[in-house]
Amino acid sequence: MDDFLVRFFPAVYARKHRAKENNYCKFDDQRLQLFTSSLYLAALATSFGASLVCTRFGRKRTMQAASIFFLIGVGLCAGAVNIVMLIIGRISLGIGVGFGNQAAPLFLSEIAPAHIRGALNILFQLNVTIGILVANVVNYYTSNIHPAGWRYSLGGAGVPAAVLFLGSLIITETPTSLVERGHREAGRAMLERIRGTEEVDDEFNEIKSACETAAALCAEEKPFRRLRRRESRPPLVIAIVMQIFQQFTGINAIMFYAPLLFQTMGFESNASLSLLSAVVTGGVNVVSTLVSIILVDKIGRRKLLLEACVQMLIAQVTVGGIMWVQVKANNSPSHPWALAIVVLICVYVSSFAWSWGPLGWLIPSETFPLAIRTAGFSFAVSSNMFFTFVIAQAFLSMMCTMKAFIFFFFAICIVIMGVFVLALLPETKGVPIDEMVDMVWRRHWFWKRYFSDADDAKISNC
């Protein structure tokens, strides 16, 4: 929004409206990128502490803490009078993200039955995509409110923060977390309540056994130290690599800067039109995430990821080609070409939304054994936040330097991702969360070597 740029980033505003300014460089500003990426740096720093809070106080209390930090951050951002107050608000929001991303996926994975765990966990990502869409719609309408439209946009984030706070007062704690913290009777009662039956002996015994094993292992060695063990490497490597790849698809670069990107592509004459284009991609994001909910427990994780790699690769290469030919330093493509780019970005976003978006969180949340689950997942969260920070901080500068070739850069990353999934990512569809080690890691053609007691007779290429 121009009012926001005038108040906090006047140099960017001046460049944006300069007639001869390079299309690829008009928004290249380190302070603007720091405003965006400071949230993720704060989330990175918070994620390890959030892991300890999640283990000691449970998933529910951790989500309550997240909502409080969100509310504080919203107040600071919406009421900001200078760039320092604005960035402090973003940092508070980032702390909330660190707590929320640590607790919510684990909460969903632990309460879900194995046969629908994928679909239920992806509800987390669905809510993220709905939030992005709502934010784009709000930005579209508030862009015409002068001069305080940006305050309404930033303040609107207080609504989901308040919903999260109220919801965290109502939801139950997970049976696993209760048993893990010594509340066995409460854990069983909660399991019966969640499942709607008293016939939960087998599942409760699995949870109790996993908690006893975890407690014994933690008494022997703390979870973060245990992550250094050889047998902890397979889920740890998968968790970190999934987060790195999720960011190097280029999705956050496109979603963060969609209005700015569309202005570069030829919608610069109408800021509302570029915001409307972002609303369209946000809608595609939501609908495609619903596709993932329907398919993830039917066809599995690997097939969705591999199909998406092909679709994203085609979209990125084609967009890069069009921009290379049509978008020069000081001219924009004709509207037919600009609309073609928007369509291709929608194709790209749809494939990400039913694959790397939700599965980047689902797979790490379901593959760690309980003894290292919160500690291991904190590495997934911190890796996501770090590489989100890197992309957010660097994208506009990369676009200024690499121009259209930035899309070819992300295309190369997508090829590497596809090879990794094909060779090294095991299928986890339908596997009980506390049986991953025996049913997945010890049976995988590559990861089995990290378990000295793996039974070769049971090995299969997962």
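Quick caveat, the model's predicted, so the values are computed rather than measured.

**Some thoughts on the overall build of the protein chain**
Then, in step 1: Helix and strand content of the protein chain: 22 helices and zero strands.
Then, in step 2: Burial analysis of the protein chain (462 residues in total) assigns 55% to the buried set.
Then, in step 3: Intrachain contacts of the protein chain at a sequence separation of at least 6 include 76% that bridge at least 24 residues.
Then, in step 4: Just so you have it, the protein chain exposes about 18800 Å², and 66% of that area is on carbon and sulfur atoms.

**Considerations on helix α8 (residues 158-170)**
Then, in step 1: For α8, built from 13 residues, the straight-helix expectation of 18 Å at 1.5 Å per residue is met to within 8% by its first-to-last C-alpha distance of 19 Å.
Then, in step 2: Inspection of α8 places G158, A161 and S168 among the buried residues, and these make up the whole buried set. Down the axis of α8, the sector holding all buried residues measures 90 degrees, keeping them to one side. Looking at α8, the residues exposed on the side facing more than 90 degrees away from the buried face are V159, P160, V163 and I170.
Then, in step 3: For α8, the secondary structure elements touched by its buried residues are α4 (59-78) and α7 (149-155).

**A closer look at the pattern of salt bridges**
Then, in step 1: All told, the structure shown has 17 salt bridges when counted by the stated rule.
Then, in step 2: Where R117 meets E366, a salt bridge forms, and the shortest distance between an N and an O atom there is 2.8 Å. In this pair, R117 sits in helix α6 (residues 117-142) while E366 sits in helix α19 (residues 356-367), placing the two residues 249 residues apart along the sequence. Just as R117 is buried, E366 falls in that class too.
Then, in step 3: Through salt bridges with shared partners, one network takes in R59, E110, E180, R373 and D434.

**Considerations on the nonpolar core**
Then, in step 1: By size, the foremost hydrophobic cluster in this structure holds 104 residues, and its most contacted members are F9 and W356.
Then, in step 2: Look past the residues within four positions of W356 in its chain and what remains in contact with it is M242, F245, Q246, T249, L305, A308, C309, M312, M417 and V421.
Then, in step 3: In this structure, V179, C211, L370 and A371 belong to the second largest nonpolar core, which totals 10 residues.

**Topic: the packing of aromatic side chains**
Then, in step 1: Taken as a whole and assessed by the stated rule, the structure comprises 24 aromatic pairs.
Then, in step 2: Ring geometry for F245 against F420: centres 5.5 Å apart, planes inclined by 75 degrees, an arrangement best described as edge-to-face. With F245 in helix α13 (residues 233-248) and F420 in helix α21 (residues 405-424), the pair connects residues that are 175 residues apart, well separated along the chain. Both residues of the pair, F245 and F420, belong to the buried class.
Then, in step 3: The interplanar angle of 65 degrees and the centroid separation of 6.2 Å between the aromatic rings of F248 and F409 together place this pair among those described as edge-to-face. Pair noted here: F248 is in helix α13 and F409 is in helix α21, with a separation of 161 residues, a long-range link.
Then, in step 4: The exposure class assigned to F248 is buried, which follows from its relative accessible area of 17%.
Then, in step 5: Since its relative accessible area comes to 27%, F409 is described here as partly exposed.
Then, in step 6: These aromatic residues form a ring-pair network of at least three members: F248, F386, F387, F409 and F410.

**Digging into unusual backbone geometry**
Then, in step 1: Cis geometry is adopted by the peptide bond preceding P147, which originates at H146 and carries an omega value of 0 degrees.
Then, in step 2: Structurally, P147 can be placed in the loop between α6 and α7.
Then, in step 3: With a phi angle near 55 degrees, K403 is a residue other than glycine that sits in the positive phi range.
Then, in step 4: By the element assignment, K403 lies in the loop between α20 (373-402) and α21.

**Section: the confidence of the model for the protein chain**
Should pLDDT be low for a region, the predicted coordinates there are not to be read in detail.
Then, in step 1: Averaged over every residue, the pLDDT of the protein chain is 86; residues scoring 70 or more account for 87%.
Then, in step 2: When pLDDT is averaged over each helix and strand of the protein chain, the minimum, 58, is found for helix α15 (residues 258-267) and the maximum, 96, for α4.
Then, in step 3: Every residue in residues 454-462 scores below 50 in pLDDT, and together they form 20 contacts with partners more than four places removed in sequence or on other chains.

**Section: the environment of L306**
Then, in step 1: Relative to the elements of secondary structure, L306 occurs in helix α17 (residues 301-326).
Then, in step 2: For L306, a relative accessible area of 24% translates into the label partly exposed.

**As for the side chain of S47**
Then, in step 1: Note on placement: S47 falls in helix α3 (residues 30-57).
Then, in step 2: Of the residues examined, S47 reaches a relative accessible area of 0% and is grouped as buried.
Then, in step 3: Sequence-distant contacts of S47, defined by excluding residues within four places in its chain, comprise Q102, S378, V381 and S382.

**Looking at the packing of helix α5 (residues 83-111) against α6**
Then, in step 1: Contact geometry of α5 with α6 gives a least axis separation of 8 Å together with a crossing angle of 155 degrees. By the angle between their directions, the pair α5 and α6 is classed as roughly antiparallel. Relative to α6, the crossing made by α5 is right-handed. Between α5 and α6, the residues in contact are N101, A104, P105, L108, S109 and I111 and R117, L120, N121 and F124, respectively.
Then, in step 2: Looking at the contact of α5 with α6 residue by residue, the class counts come to six nonpolar, three polar and one charged.

**Details of the environment of G100**
Then, in step 1: Examined against the element boundaries, G100 turns out to sit in helix α5.
Then, in step 2: On the basis of relative accessibility, which here comes to 13%, the residue G100 falls in the buried class.
Then, in step 3: Through-space distance from the C-alpha of G100 to that of F69 is 9.9 Å; in sequence the pair is 31 residues apart.
Then, in step 4: For G100, the contacting residues outside a window of four places in its chain are A66 and P105.

About the thresholds
- Residues numbered from 1 in each chain as written.
- Predicted model: local features only at pLDDT ≥ 70, side-chain atom pairs only at ≥ 80, totals over all residues.
- Heavy atoms only, no water.
- Helix = DSSP H or I, 4+ residues; strand = E, 2+ residues; numbered from the N terminus.
- Buried < 20%, exposed > 50% of the residue type's maximum accessible area, 1.4 Å probe, protein only.
- Contact = heavy atoms within 4.5 Å.
- Areas by Shrake-Rupley, 256 points an atom, 1.4 Å probe, with all protein chains shown as cover.
- Expected span 1.5 Å × (residues − 1).
- Arc of directions from axis to C-beta.
- Salt bridge = Lys/Arg side-chain N within 4 Å of Asp/Glu carboxyl O.
- Core = buried A, V, L, I, M, F, W, Y, C linked by side-chain atoms within 4.5 Å.
- Phe/Tyr/Trp six-rings, centres within 6.5 Å; stacked < 30°, edge-to-face > 60°.
- pLDDT = per-residue confidence, 0-100.
- Axes fitted to C-alpha atoms, helices over the stretch in contact; angles between N-to-C directions.
- Parallel < 35°, antiparallel > 145°, perpendicular 65-115°, else oblique.
- Left-handed = near helix turned anticlockwise from the far one by under 90°.
- Nonpolar A, V, L, I, M, F, W, Y, C, P; charged D, E, K, R; others polar.

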